[in-house]
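Structural characterization, general
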Amino acid sequence: MRPTLWKAPLAVSLTGLLFLSLEFVWFWEGTDNGLSVIMIFAASLFAVGWVLPPRPVLHGLRMGLLTSALVVAAVPLVLAMLLGLAMSSG
């Protein structure tokens, strides 16, 4: 039985798209600076990761692109949560 190469990219994409959608909902209204550029960059990395042809040779490149998009999408959200915790603690 041949292993499927789409399960890991799908899991990374679903997690990253959840983070990205939360950022769009929470931060898109008041964003005039680099945060909107970061969100668009992460979305474009997800798009390029899934546009690649489904070849086993490109699996590493696809996982690299999707993992990079996950990190780019998650870092601003995590930093905003940490800033909120720091401000609420006094």
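Scoring rules and cut-offs
- Position labels on residues start from 1 in each chain and follow its written sequence.
- Reporting in this predicted model follows two pLDDT cut-offs: at least 70 for local features of residues, and 80 or more for side-chain atom pairs to be given and counted; totals over whole chains, interfaces and linings ignore these cut-offs and use all residues.
- For side-chain calculations, the full set of non-hydrogen atoms in the structure is used, while hydrogens and water are omitted.
- Per-residue confidence from the predictor is given as pLDDT, running between 0 and 100.
- Only DSSP runs of H or I reaching four residues or more are called helices, and only runs of E reaching two or more are called strands; each is numbered from the N terminus.
- Note on terminology: a nonpolar core comprises buried Ala, Val, Leu, Ile, Met, Phe, Trp, Tyr and Cys residues joined through side-chain atoms within 4.5 Å.
- Partly exposed residues are those whose accessible area sits between 20% and 50% of the maximum for their type, while under 20% is buried and over 50% is exposed, using a 1.4 Å probe and protein chains only.
- Contacts are assigned to residue pairs with any non-hydrogen atoms lying within 4.5 Å of each other.

**Notes on the confidence of the model for the protein**
Averaged over all residues, the pLDDT of the protein equals 83, while 88% of them reach at least 70. For the protein, per-element mean pLDDT is lowest for helix H1 (residues 7-27), which scores 83, and highest for helix H3 (residues 59-88), which scores 89.

**Looking at the nonpolar core**
In this structure, Val12, Leu20 and Phe46 are the most contacted members of the largest nonpolar core, which totals 14 residues. Among the elements of the structure, H1, helix H2 (34-51) and H3 are those that each provide at least two residues to this core. Among the elements that line this core, the one with the most residues is H3, at 6 residues. Sequence-distant contacts of Phe46, that is, excluding residues within four places in its chain, are made with Val12, Ser13, Gly16, Leu17, Leu20, Leu66, Ala69 and Leu70.

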